[in-house]
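Coordinate inspection notes
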Amino acid sequence: MEYKETAIKGVFILEPRVFEDSRGYFFEAWKDSDFAEHVGKVNFIQDNESKSCYGVLRGLHYQKGEFSQAKLVRVIRGKVLDVAVDMRKGSPTFGRHVMVELSEENKRQFFIPRGFAHGFLVMSDVAVFTYKVDNVYAPAHEASVRYDDPDLGISWPIDMKDVIMSDKDRAASLFKDAEYFD
Ligand SMILES: Cc1cn([C@H]2C[C@H](O)[C@@H](COP(=O)(O)OP(=O)(O)O[C@H]3O[C@H](C)C(=O)[C@H](O)[C@H]3O)O2)c(=O)[nH]c1=O
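Residues numbered from 1 in each chain as written. Predicted model: local features only at pLDDT ≥ 70, side-chain atom pairs only at ≥ 80, totals over all residues. Heavy atoms only, no water.

It is worth spelling out the pattern of salt bridges at this point. Evaluation of the coordinates by the stated rule reveals 15 salt bridges. Note that Lys-4 and Glu-15 form a salt bridge whose closest N and O atoms lie 3.3 Å from each other. With Lys-4 in strand 1 (residues 2-5) and Glu-15 in strand 2 (residues 12-15), the pair connects residues that are 11 residues apart, well separated along the chain. Residue Lys-176 is joined to Asp-177 by a salt bridge in which the shortest nitrogen-to-oxygen separation is 3.2 Å. Residue classification places Lys-176 among the exposed residues on the basis of a relative accessible area of 53%. (Salt bridge = Lys/Arg side-chain N within 4 Å of Asp/Glu carboxyl O. Helix = DSSP H or I, 4+ residues; strand = E, 2+ residues; numbered from the N terminus. Buried < 20%, exposed > 50% of the residue type's maximum accessible area, 1.4 Å probe, protein only.)

This is the structure in structure tokens:
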């Protein structure tokens with residue numbers, strides 16, 4: 001696995017070493033010791049999976065305070081544009097984001113530490129998104145910020161007028177009104 005730190009310290013893109021042969025392929029999708037050596041020790045406690053159709057945007061979500069979650073995300077079918085936004089007001093990259101294409105083809109993974117809002121836009125007919133989190137699901141402590149917030153300046157590559165979102169995400173707050181991390 002190759003670990004590449006992004007422009008935001010602590011946010012990593014992981015490129016697996018894929019072994020292909022006449023049967024197909026194999027790669028190690030997760031190795032605790034390797035991750036700890038290159039990123040740091042993270043105790044993931046839950047795996048999640050979601051399936052979405054083209055034009056779905058899930059996010060930008062985070063759990064507040066002590067319920068914040070670090071996430072290691074990847075796509076096992078289709079393609080998404082994945083975004084992490086730094087919500088830590090003490091960070092030199094506060095309010096900045098990283099966008100990365102995750103797909104069945106590139107087998108890329110994206111590590112998002114605690115303190116970030118996270119979301120993705122589906123760019124294929126169908127996308128199956130699977131990820132690890134290091135803290136429990138705490139819906140009472142969930143928050144969302146708008147994907148199109150002008151202060152975030154996220155440039156989505158498609159016309160977002162027909163984007164498919166949950167009611168929760170349509171009601172997301174503006175970044176300036178959001179609850180931040182210290
Ligand atoms: C996240 C989660 C959800 N649920 C239940 C609650 C709802 O009945 C249903 C769908 O939940 P939600 O609409 O919040 O799912 P997403 O919009 O995919 O939310 C996720 O999307 C973005 C991309 C994230 O990074 C978060 O992990 C998470 O917020 O699954 C659970 O039972 N456990 C869970 O951990």
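So, about the environment of Lys-41. Residue position: Lys-41 is located in the loop between helix 1 (32-38) and strand 5 (46-53). Ignoring sequence-local partners within four residues, the contact set of Lys-41 consists of Asp-32 and Ala-36. In terms of polar contacts, Lys-41 uses its side chain to reach the side chain of Asp-32, at 2.5 Å. (Contact = heavy atoms within 4.5 Å. Polar contact = N/O pair within 3.5 Å; in protein donor to acceptor, adjacent residues only side chain to side chain.)

Counted as a void, the largest pocket has a volume near 450 Å³. What lines the largest pocket is a set of 26 residues, among which Arg-58, His-61, Tyr-131, Glu-142 and Lys-168 lie closest to the centre. Tallied by class, the residues present in the lining of the largest pocket amount to 10 nonpolar, 10 polar and 6 charged. (1 Å grid on protein atoms, 1.4 Å probe; cavity = no way out; pocket = protein on both sides within 12 Å on 5 of 7 lines; lining within 4 Å. Points joined across faces, edges and corners; volume = space filled by probe spheres on them. Nonpolar A, V, L, I, M, F, W, Y, C, P; charged D, E, K, R; others polar.)

So, on to the sheet that holds strand 6 (residues 57-63). If you trace the 5 strands from one edge of the open sheet to the other, you get 9-8-11-6-13, paired in antiparallel fashion. Since the sheet does not close on itself, it has two edges, and those belong to strand 9 (97-103) and strand 13 (142-144), each with one partner. Ignoring which end each strand starts from, the neighbouring axes of this sheet average 25° apart. Sheet topology places strand 8 (residues 79-86) next to strand 9; 7 bridges connect them, and they run antiparallel. Across the sheet, the residue bridging to Asp-82 is Val-100, located in strand 9. (Pairing = 2+ DSSP bridges. Axes fitted to C-alpha atoms, helices over the stretch in contact; angles between N-to-C directions.)

Moving on: the site of the ligand. In the vicinity of the ligand, the contacting residues are Gln-46, Asn-48, Arg-58, His-61, Lys-71, His-118, Phe-120, Tyr-131, Tyr-137, Glu-142 and Lys-168. The contact in question runs from an oxygen atom of the ligand to an N or O atom on the side chain of Lys-71, over 2.8 Å. Within the side chain of Tyr-131, one N or O atom sits 2.7 Å away from an oxygen atom of the ligand. The fraction of the free accessible surface of the ligand (660 Å²) that becomes covered by protein chains is 65%. The pocket occupied by the ligand, as judged from atoms lying within 2 Å of grid points, is the largest pocket. For the shell around the ligand, the elements supplying multiple residues, two or more each, are strand 5, strand 6 and strand 11 (116-122). Of the residues belonging to the shell around the ligand, the class tally is 3 nonpolar, 4 polar and 4 charged. (Near = heavy atom within 4 Å. Areas by Shrake-Rupley, 256 points an atom, 1.4 Å probe, with all protein chains shown as cover. Sits in = over half its atoms within 2 Å of the grid points.)

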